[in-house]
Amino acid sequence: MTQIESVEKLIKKINVTPRAQMHDKTLNDALAAQEKSKNEQSANIEPNIWRIIMKNRITKLATAAAVVLIAVLGITFLDKSVPSAYAIEQTIQANHTVRFLHLKSFIEPNDEPIESWVEFDARGQLKNMRLKKPAWLDPEDGETIIVWKDNKMRLYSKRKNFLFIMKDQEIAAQVLENIELLDPKLAVERLKTEQEQGKVEVVIVEPSNKSEPIIVTATNIEQDNEPFPRAILFVDQATRLVNSVEAYKLEDGEYHKMVTVEYYDYNQPITSEMFTLDDVPDDAVLMDETTQEIGLLQGDFTDNEIAIEVVRQFLQALIDEDYAKAGKMWGAVPADRMKKAYGQTRFIRIISIGEPTEIPAMRALKVPCKIEIEKDGQVSVWEPEHSYVRQVHGQPERWAINGGFYGI
Amino acid sequence: MIEDKLLILRFKHGSQRALARIYEKYEGYLLTLATALLNDVNSAEDIVHDFFVSFAQSADSLRLEGSLKGYLATCVANRTRDTIRKRRRQPDALDESIQIRSNVKGPQSIAMCNEGLQLLSGAIAQLPYEQREVIILHLRGGMKFKAIAQSLNVSINTAQSRYRYGLDKLRTLLDGEV
């Protein structure tokens, strides 16, 4: 090693550890500055979050939260300056005491709802969640039960009969963040912003018949880029809690109902069994990303390089009929299951593997590739449409296939 | 990194968790860069602090074309350069290199920096800032010469020349020590 190389190596080793005191001060100051900035700016964040969540297959769990979010959107739109015996603060105050939620979200034109059960802790943050996802939402996985508990996600697909377990700080943070949007305190902040900016028109109808709900129609004045510019809330006159919310999109000058969220059993304690997945069949295929090493170690590879290498090794394992290795590259899929999915095809050779492109919404890289295969006596070139590679959940130093080649 | 893209996305949507995560992830890296550039931990802490407070308010205007890490490094380097310029403009300021050398021997710096690197820090402090900047950003910041050249508004050749001259001088200063 030359002296220059020694110097270079030494410089790379320079490291300064932040002092705890300064660390906390900087973080607190930055968070305070961000909060102040948010209050001062027009933070029209909700519709964007909705779009992100709906695009993100990884965080399907958050779908229910996103649908619930629409309810918060409605709350946000309310204007307390409108003369009425009813005031939004009453609903917000009522929400303070809500620890358990059971809700059904209907998305047009589907009849079967997304059903979820949510438990918040004393601070209003997500503690446990169960989500029943109908087949129409994801035909590939079919009807799916997702349970969120202790920052660990368990997903069971009836159609595929597999149980997928993962733990990932980033996704945990994302789910928690989405749920935080339900926090009444945050809703109040958004309400204030909307009030100050005069962005909404609100009509409140409070029937004299106390058995009928208060109807609050909030229409966003600036409708450009708003996926749901109108929300209608139905508020119980006695409890001041929201019974249901309807969200509307604007098309050709007319409002069309897109989503209905119905709330049931406010604060009825949900049994702990609801937040387990003990009812999964014994023969379900277990894909547990929390207990084994998956995919390849990134080491000195760049993201693109490791993504290409994962695909190369995965395809080579199929060519070699090494289904155990292929399963490991995929993400803890047992060998027999891999063989069942891929064993009917003879993988002849890799024709090409191209440069990856980022798919941020999936937190994945798409790696284009071509493989010569033989199936049913026919030789052809296979170009998988969804050849994704991603960092393993909870093992960010490792990368694995993210599905989409063949269905498992 | 994909995680960074997601963090930025969420940060732009107002997420406090995303900001905290960005801070936790890159605080040490940026403090190391600033300290290596200034050879003064206290000033480096101030720069990182001021930068993050400013960054926290930039969600609406932030437009990232490259990596988050590179962006953060460039911002901190820019602030560090401004600090150096301000020092130079102050008529009663101590000679920069003398000040830096004196600071590096302070108890806090010694406690916070890796052992055995004080000698190197002292030598780096004797380099002209332009050379020091390219060396630190490239070797410790992991930035490519192209990105460094763009952030400094100089040609790639100039950035590489500064790197070579700086390393040569470091080798001479540290002759026999490494």
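Our subject is the structure listed above.
Residues numbered from 1 in each chain as written. Chains lettered and ligands numbered in written order. Predicted model: local features only at pLDDT ≥ 70, side-chain atom pairs only at ≥ 80, totals over all residues. Heavy atoms only, no water.

## Re the overall build of chain A
The number of helices and strands found in chain A is 10 helices and 20 strands. Burial status across chain A gives 52% buried among its 408 residues. With an accessible surface of roughly 18900 Å², chain A has 48% of that area assigned to carbon and sulfur atoms. (Helix = DSSP H or I, 4+ residues; strand = E, 2+ residues; numbered from the N terminus. Buried < 20%, exposed > 50% of the residue type's maximum accessible area, 1.4 Å probe, protein only. Areas by Shrake-Rupley, 256 points an atom, 1.4 Å probe, with all protein chains shown as cover.)

## A word on the overall build of chain B
Along its length, chain B carries 10 helices and zero strands. Residues counted as buried form 54% of the 178 residues belonging to chain B. Pairs at least 24 residues apart make up 66% of the contacts formed inside chain B by residues separated by at least 6 positions. (Contact = heavy atoms within 4.5 Å.)

## A few points about the pairing of strand β5 (residues 152–157) of chain A
Residue and element names in this part refer to chain A. Judged from the six bridges that link them, strand β4 (residues 144–149) and β5 form a sheet pairing that is antiparallel. Each residue of the ladder has a partner; that of Ile146, found in β5, is Leu155. Counted between consecutive antiparallel strands, the loop separating β4 from β5 contains two residues, among which Asp150 sits at a positive phi close to 50 degrees. Taken together, the six bridges between β5 and strand β6 (residues 162–167) define a ladder with antiparallel strand orientation. Each bridged residue has a counterpart across the sheet, and for Ser157 the counterpart in β6 is Phe162. Hairpin connection, β5 to β6: the antiparallel pair is bridged by four residues, and Asn161 has positive phi, about 55 degrees. (Pairing = 2+ DSSP bridges.)

## Re the environment of Gln237 of chain A
Residue and element names in this part refer to chain A. Following the sequence through the fold, Gln237 ends up in the loop between β9 (230–235) and β10 (242–251). Considering only alpha carbons, one finds Gln237 and Ser211, 26 residues apart in sequence, at a separation of 7.1 Å. In this structure, Gln237 is in contact with Glu206, Pro207, Asn209, Lys210, Glu212, Pro213 and Ile214, ignoring residues within four places of it in sequence. A polar atom in the side chain of Gln237 sits 2.9 Å from the backbone oxygen of Pro207. From its side chain, Gln237 meets the backbone oxygen of Glu212 in a polar contact 2.9 Å long. (Polar contact = N/O pair within 3.5 Å; in protein donor to acceptor, adjacent residues only side chain to side chain.)

## Regarding the packing of helix α8 (residues 303–319) of chain A against helix α9 (residues 323–330) of chain A
All names here are of chain A. Contact pair α8 / α9: the axes reach a minimum separation of 8 Å and the direction vectors enclose 155 degrees. Judged by the inter-axis angle, α8 sits roughly antiparallel to α9. Like other packed secondary-structure pairs, α8 and α9 cross with a definite hand, here left-handed. On α9, the residues touching Val310, Gln313, Phe314, Ala317 and Leu318 of α8 are Tyr323, Lys325, Ala326, Met329 and Trp330. (Axes fitted to C-alpha atoms, helices over the stretch in contact; angles between N-to-C directions. Parallel < 35°, antiparallel > 145°, perpendicular 65-115°, else oblique. Left-handed = near helix turned anticlockwise from the far one by under 90°.)

## Here we look at unusual backbone geometry
With omega at 0 degrees, the peptide bond leading from Glu108 of chain A into Pro109 of chain A counts as cis. When you line up the elements, Pro109 of chain A lands in the loop between β1 (100–107) and β2 (114–120). Even without being a glycine, Asn153 of chain B presents a positive backbone phi close to 60 degrees. Here Asn153 of chain B shows up in the loop between α9 (145–152) and α10 (156–173).

## With respect to the packing of aromatic side chains
Here the distance between the centres and the angle between the planes together describe a pair of aromatic rings. Under the counting rule described, the total for this entry stands at 13 aromatic pairs over all chains. Seen from their ring centres, Tyr342 of chain A and Phe347 of chain A are 5.9 Å apart, and the 45 degrees between their planes marks the pair as tilted. Taking the relative accessible area as the measure of exposure, Phe347 of chain A reaches 4% and is therefore buried. Both rings, one in Phe55 of chain B and one in Tyr71 of chain B, keep their centres 6.4 Å apart while their planes meet at 50 degrees; by these two values the pair is tilted. In this pair, Phe55 of chain B is assigned in helix α3 (residues 41–56) and Tyr71 of chain B in helix α4 (residues 68–89), connecting sequence segments 16 residues apart. Residue classification places Phe55 of chain B among the buried residues on the basis of a relative accessible area of 2%. An aromatic cluster is defined as three or more aromatic residues linked by ring pairs; in this entry it consists of Phe11, Tyr23, Phe51, Phe52, Phe55 and Tyr71 of chain B. (Phe/Tyr/Trp six-rings, centres within 6.5 Å; stacked < 30°, edge-to-face > 60°.)

## A short note on the pattern of salt bridges
In total, this model carries 14 salt bridges over all chains according to the counting rule given. Note that Glu45 of chain B and Arg19 of chain A form a salt bridge whose closest N and O atoms lie 2.5 Å from each other. Placement of the pair is Glu45 of chain B in helix α3 and Arg19 of chain A in the loop between α1 (3–12) and α2 (20–40), with the two residues belonging to separate chains. Among the residues examined, Glu45 of chain B registers a relative accessible area of 4% and is labelled buried. According to the relative accessible area criterion, Arg19 of chain A is partly exposed, its value standing at 28%. Here Glu133 of chain B makes a salt bridge to Arg81 of chain B, at a shortest N to O gap of 2.7 Å. Of this pair, Glu133 of chain B sits in helix α8 (residues 129–140) while Arg81 of chain B sits in helix α4, placing them 52 residues apart in sequence. By relative accessible area, which is 13% here, Arg81 of chain B ends up buried. (Salt bridge = Lys/Arg side-chain N within 4 Å of Asp/Glu carboxyl O.)

## Describing the sheet that holds strand β20 (residues 395–401) of chain A
Residue and element names in this part refer to chain A. Taken together, the five strands give an open sheet; going across it, the order is β13-β20-β19-β16-β15, and neighbouring strands pair in antiparallel fashion. A single partner strand is all that each edge strand has here, and the edge strands are β13 (296–297) and β15 (357–359). In this sheet, β20 lies alongside strand β19 (residues 388–392) in antiparallel orientation, the contact comprising four bridges. Within β20, the position partnered with Arg390 by the bridge is Ala400. α8 contacts β13, β16 (364–366), β19 and β20 of the sheet and is inclined by roughly 45 degrees relative to β20. Its contacts with the sheet put α9 on β13 and β20, and the angle it makes with β20 is roughly 125 degrees.

## Comments concerning helix α10 (residues 335–342) of chain A
Each full turn of the α-helix corresponds to 3.6 residues, which orients residues three or four apart in the same direction. Residues and elements named next belong to chain A. Buried within α10 we find Arg337, Met338, Ala341 and Tyr342. Angularly, the buried residues of α10 cover 115 degrees about the axis, an arc narrow enough to put them on a single face. Residues of α10 that are exposed and point over 90 degrees away from its buried face: Asp336, Lys339 and Lys340. Those residues of α10 hidden inside the fold are in contact with β12 (285–288), α8, α9 and β14 (346–353). (Arc of directions from axis to C-beta.)

## Some thoughts on the pairing of β19 of chain A
All names here are of chain A. Most of β19 is tucked away: five of the five residues are buried. Pairing between β16 and β19: three bridges, direction antiparallel. Looking at β19, one finds that Ala364 is bridged to Arg390. Following β19, the chain reverses through two residues before pairing antiparallel with β20; Gly394 in that reversal takes a positive phi of roughly 75 degrees.

## A closer look at α9 of chain B
Residues and elements named next belong to chain B. Those residues of α9 that fall on the buried side of the exposure criterion are Phe145, Ile148, Ala149 and Leu152. Taken end-on, α9 shows its buried residues confined to a sector of 100 degrees, consistent with a single buried face. Across α9 from its buried face, at more than 90 degrees, point the exposed residues Lys146 and Gln150. Remark: Asn153 follows α9 within two positions and exhibits a positive phi of approximately 60 degrees.

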